[in-house]
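# Fold and geometry: a report
Listed here are the chains, written in short residue letters.
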Amino acid sequence: GVKKHFPEGTILTYRRRFALPEGFNRGRVLLHIGAVDQHAMVYVNQRLLTQHDGGYEAFSVDITDALQQENELKILCWDDLNDLRQPYGKQVKPEKRGGMWYTPVSGIWQTVWLERVPETYIRRLAIRNEGFAVTIDTGLDIPGTVEVEGLGSFPLEGGKVTIAPEAPRLWSPEDPYLYDFTVTQGEDKVASYFAIRSLEIKKVGDWPRLCLNGAPYFFHGLLDQGYWPESLLTAPAPESYADDIHAMKRLGFNMLRKHIKVEAEEFYYQCDKLGM
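The paragraphs below set out a description of the structure included in this document.

Thresholds, definitions, all that
- Residues numbered from 1 in each chain as written.
- Predicted model: local features only at pLDDT ≥ 70, side-chain atom pairs only at ≥ 80, totals over all residues.
- Heavy atoms only, no water.
- Helix = DSSP H or I, 4+ residues; strand = E, 2+ residues; numbered from the N terminus.
- Buried < 20%, exposed > 50% of the residue type's maximum accessible area, 1.4 Å probe, protein only.
- Contact = heavy atoms within 4.5 Å.
- Areas by Shrake-Rupley, 256 points an atom, 1.4 Å probe, with all protein chains shown as cover.
- Pairing = 2+ DSSP bridges.
- Axes fitted to C-alpha atoms, helices over the stretch in contact; angles between N-to-C directions.

## What to know about the overall build of the protein
- From N to C terminus, the protein includes 2 helices and 21 strands.
- Seen through its C-alpha atoms, the protein measures out along the principal axes to roughly 60 × 55 × 30 Å.
- Here the protein, with 276 residues, has 40% of them falling under the buried criterion.
- In the protein, 63% of the contacts between residues at least 6 apart in sequence involve partners at least 24 apart.
- If you sum the accessible surface of the protein, you get close to 16,500 Å²; carbon and sulfur atoms cover 51% of it.

Encoded structure:
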């Protein structure tokens, strides 16, 4: 919301003071940063904890050992359009924008948040759809279970489980069915979801066709630039992604080709949930 152009090479500084709620710090505390354009240095209580390059990737850092009763988070970032060694897409200096050229943007543009986890916690969920079976891998080799809504409970072996429903409800834009599940391992519990569908190229008649769930499917899509007139890279409101997807479905589209950037996780969740 700054809406001001700084000289090239300017370092932008974000500061926020915070105290943790009582009982929050009972294991490890992770700082998650959705995206910072382009280079970032992260400090907690004057300690440099991590550096990151790349304006579209999420990253995180364990800040537990740097915490005090009262804390200061500081993030320094910079993005120089004079530096031609890094790609900068279609953004140009403000005086040249117009046509296909975008207003330049930098800084924190996705959510920054704290997560409390146990000392031993689920670090990732890798969900792989093969045929009509789904493999879930937690990356944590301790006993645990996966509870899938409508399907039951499945034990983890080596941190993995493969689930193959007898009569799977297949995901499609017309019926975007998601299987909600919860993983419990040790003291940690994570909720997520998966979908079941197949996507392949098959010869139908004389021509190869892109087939969804075994049948030829017409993919009717458009280019989704992801630049918002009022807020550039950042969606103007949490519901903006769902509003856009609903509008495109009303116009008859079932596919979006995301252009220029990687969106916040909320966008991909809404695509899965709404059938895009």
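Back to the text.
## With respect to the sheet that holds strand β11 (residues 133-137)
- On the basis of which strands lie adjacent, the open sheet formed by 3 strands has the order β10-β11-β14 and antiparallel pairing. With partners counted over all chains shown, the strands left at the sheet margins are β10 (126-130) and β14 (160-163), one partner each. The average angle at which neighbouring strand axes cross in this sheet is 15°, direction not considered.
- Relative to β11, β10 runs antiparallel, the two being bridged by 5 bridges. Bridging from a neighbouring strand, A126 pairs with D137 of β11.

## Some points on the environment of D83
- Mapped onto the elements of the fold, D83 is located in the loop between β7 (71-78) and β8 (107-108).
- Residue D83 is classed as buried on the basis of its relative accessible area of 19%.
- Separated by 104 residues in the primary sequence, D83 and E187 place their C-alpha atoms 47 Å from one another.

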